[in-house]
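Survey of secondary and tertiary structure
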Amino acid sequence: MDLDTYRVQAREWLSSAEVPHVPLELDERFEVLRAWQRTLFDAGWIGISWSREASGQGLSPTHQLVFAEELARARAPMPIGLIGLDVVGPSIDHHGKSWQRAELLPKLLSGEHIWCQGFSEPNAGSDLASLRTRAVIDGDDFVISGQKVWTSWAHKSQWCALLVRTDPNVHKNAGISYVLVDMSTPGITPRPLEQMTGDREFCEVFFDEVRVPRRNLVGELNEGWRVATHTLSIERAAYTVRRRVDYEVAFEDAAAALRDADLPGPETALGRRARVALGRAQIALKVLSAQTRQTVKRLDAGEVPTPHDSVDKLLLNGIEQTVFASIAELLGPSRALSGSSPLGLEADRWVHDHLYSRATSIYGGTSQVQRNIIAERLLGLPRD
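The structure contained in this document is the topic of the report that follows. In this text, all values refer to a predicted model and were calculated from it rather than measured experimentally.

The rules behind the values
Residues numbered from 1 in each chain as written. Predicted model: local features only at pLDDT ≥ 70, side-chain atom pairs only at ≥ 80, totals over all residues. Heavy atoms only, no water. Helix = DSSP H or I, 4+ residues; strand = E, 2+ residues; numbered from the N terminus. Rg over C-alpha atoms; globule rule 2.2 N^0.38 Å. Buried < 20%, exposed > 50% of the residue type's maximum accessible area, 1.4 Å probe, protein only. Contact = heavy atoms within 4.5 Å. Areas by Shrake-Rupley, 256 points an atom, 1.4 Å probe, with all protein chains shown as cover. Lys, Arg positive; Asp, Glu negative; His and termini not counted. Charge placed at Lys NZ, Arg CZ, Asp CG, Glu CD. Phe/Tyr/Trp six-rings, centres within 6.5 Å; stacked < 30°, edge-to-face > 60°. Lys NZ or Arg CZ within 6 Å of the ring centre and 35° of its normal. Expected span 1.5 Å × (residues − 1). Pairing = 2+ DSSP bridges. Core = buried A, V, L, I, M, F, W, Y, C linked by side-chain atoms within 4.5 Å. Axes fitted to C-alpha atoms, helices over the stretch in contact; angles between N-to-C directions. Parallel < 35°, antiparallel > 145°, perpendicular 65-115°, else oblique. Left-handed = near helix turned anticlockwise from the far one by under 90°. Nonpolar A, V, L, I, M, F, W, Y, C, P; charged D, E, K, R; others polar. Salt bridge = Lys/Arg side-chain N within 4 Å of Asp/Glu carboxyl O.

**Section: the overall build of the protein**
Each helix and strand in the protein was counted, giving 10 helices and eight strands. The C-alpha atoms of the protein give 21 Å as radius of gyration, which agrees with the globular expectation for 384 residues (21 Å, within 12%). Principal-axis analysis of the C-alpha atoms gives the protein an extent of 75 × 45 × 45 Å. Across the 384 residues that make up the protein, the buried fraction comes to 52%. Within the protein, contacts between residues separated by at least 24 positions form 72% of all contacts whose residues are at least 6 apart in sequence. Accessible surface for the protein amounts to roughly 17,400 Å². Of this, 50% is attributable to carbon and sulfur atoms. Across the protein, the 43 positively charged side chains and the 50 negatively charged ones have centroids separated by 4 Å.

**Regarding the side chain of His113**
By the element assignment, His113 lies in the loop between helix H5 (98-110) and strand E1 (115-118). Those residues in contact with His113 that lie beyond four places of it in its chain are Arg34, Lys107, Leu108, Gln158 and Trp159.

**So, the packing of aromatic side chains**
Using the criterion set out here, one finds nine aromatic pairs in the structure. Taken together, a centroid distance of 5.6 Å and an interplanar angle of 20° make the contact between Trp115 and Trp159 stacked. With Trp115 in strand E1 and Trp159 in strand E4 (residues 159-165), this pair connects stretches of sequence that are 44 residues apart. Judged by its relative accessible area of 3%, Trp115 is buried. According to the relative accessible area criterion, Trp159 is buried, its value standing at 11%. Both rings, one in Tyr356 and one in Tyr363, keep their centres 6.2 Å apart while their planes meet at 40°; by these two values the pair is tilted. According to the relative accessible area criterion, Tyr363 is buried, its value standing at 15%. Following the ring pairs from residue to residue traces out a cluster consisting of Tyr6, Trp13, Trp36, Trp45 and Phe67. Across the ring face of Phe30, the terminal group of Lys156 is positioned such that the distance to the ring centre comes to 5.0 Å.

**What about helix H7 (residues 269-300)?**
Taking 1.5 Å of rise per residue, the 32 residues of H7 would be expected to cover 46 Å, and the 47 Å separating its terminal C-alpha atoms lies within 8% of that figure. Of the residues trailing H7, Gly302 is marked for its positive phi of about 75°.

**A word on the pairing of strand E7 (residues 203-213)**
The sheet contact formed by strand E3 (residues 141-148) and E7 spans seven bridges and is antiparallel. Counted as the bridge partner of Lys148 is Val205 from E7. Two elements, strand E6 (residues 188-192) and E7, share five bridges in a ladder whose sense is antiparallel. The residue of E7 that forms the bridge with Pro192 is Cys203.

**Some points on the nonpolar core**
With 53 residues, the main nonpolar core has Phe67, Leu71, Val88, Trp115, Leu163, Tyr178 and Leu180 as its most contacted residues. Secondary-structure elements contributing two or more residues to this core are helix H1 (3-16), helix H2 (26-42), helix H3 (61-73), helix H4 (82-95), H5, E4, strand E5 (176-182) and helix H6 (224-260). In this structure, Ala250, Ala254, Leu278 and Trp350 belong to the second largest nonpolar core, which totals 27 residues.

**A few points about unusual backbone geometry**
In this structure, Ser55 is a non-glycine residue whose phi angle is positive, near 70°. Secondary-structure assignment places Ser55 in the loop between H2 and H3. Assessed through its relative accessible area of 31%, Ser55 is described here as partly exposed. Positive phi outside glycine occurs at Trp153, with the angle close to 65°. Mapped onto the elements of the fold, Trp153 is located in the loop between E3 and E4.

**Thoughts on the pairing of E5**
Of all seven residues in E5, six are buried, a share of seventy percent or more. The pairing of E4 with E5 spans seven bridges and is antiparallel. Pairing of Val164 across the sheet is with Ser177, part of E5. For E5 and strand E8 (residues 217-218), the ladder comprises two bridges, and the chain directions are antiparallel.

**Regarding the packing of H3 against H6**
Contact geometry of H3 with H6 gives a least axis separation of 8 Å together with a crossing angle of 15°. Taken together, the axes of H3 and H6 are roughly parallel relative to one another. Crossing handedness for the pair H3 and H6: right-handed. Touching Leu65, Ala68, Glu69, Leu71 and Ala72 of H3 are Val241, Arg244, Val245, Glu248 and Val249, all from H6. Broken down by class, the residue content of the contact of H3 with H6 amounts to seven nonpolar, no polar and three charged.

**Some details on the pattern of salt bridges**
Per the counting criterion, the structure on display carries 23 salt bridges. Put simply, Arg75 and Asp253 hold a salt bridge, and the shortest N to O gap is 2.3 Å. With Arg75 in the loop between H3 and H4 and Asp253 in helix H6, the pair connects residues that are 178 residues apart, well separated along the chain. Looking at Arg75, the relative accessible area reads 37%, which means it is partly exposed. A salt bridge links Arg244 to Glu248, with the nearest nitrogen and oxygen atoms 2.9 Å apart. One end of the pair, Arg244, and the other, Glu248, are both in helix H6, four residues apart, so they sit about a helical turn from each other. Across the pair, Glu248 and Arg244 agree in class, each one buried. The structure contains a network of salt bridges with shared partners spanning Arg7, Arg11, Glu69, Glu70, Arg244, Glu248 and Arg293.

Structural data, given as structure tokens:
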């Protein structure tokens, strides 16, 4: 289908759809966005660039970008299951077994199953290859013991894509395997961690002799690092596309609130400050829009993974923090209060989003890690 026709169809559908209001409270937000995912799935707007063999729409990443742009235009949210949709699912489709694609991916797409990503550990975050969670082969099972941390939505997930060490006698990434784990399996304990936003979607997860069928292995034994590299690359590239929607919706909401509050003119200090803040945020979004189109070209060409994904992630870090810091600055002393500020901005929302944005330079690979990748693999600089 040509892109213009696809855009018209997306715009028409969104204009007639009941776009949900997303509450700030975490559990309510989760349920609203999960129901929204089901709505999108039933209407054929989920898995747009996934293969038909994986129950997707079989279209291009550019079609996915078009729909993301129309979501932003309609000020509609992304669905809740993005770890599955944009991170784990594509790797299962690319590296998984036929039964894994057939049995797991349709429920992932619909939101019936929510997925989490069990990669980082207390002593293996930036240096992910030093992970210690161990899987020992016992007959037809892996027996898994260890701990993961910063595992988003683990307490609400049905499945986890887990990195485990299956050969402790080789150097780091040479002995890692990629295993799919049913989160209802005995021996798994997720514990939510409260963040400075007050949310508790990040979790630490403990595995105590958890038995997982060997058939749940993705790719080959001890070659999980190759699959993990694909997952991380997809995460960094796809995240650029989907977060652009969130930023543009936020910007439009802030601009609308300021208009409704009868923003003072540019001759006043407050009016000038508001216009500078909005201008800074809008310029950042224009930069992100241009980068997103380059990202989608790479995805269309199948150029994943590539060190350019680190450029996406590093740029995104700065833009997210710029957008939300610019808006939060306008709250002034009102940021310590609940409800609306004198400029009509909801203090709770913008303080929450500003605080959450501080994590951008950590999750998905820290900014320092991204700079190292760019320096070594794109610029050819020597290791320090």
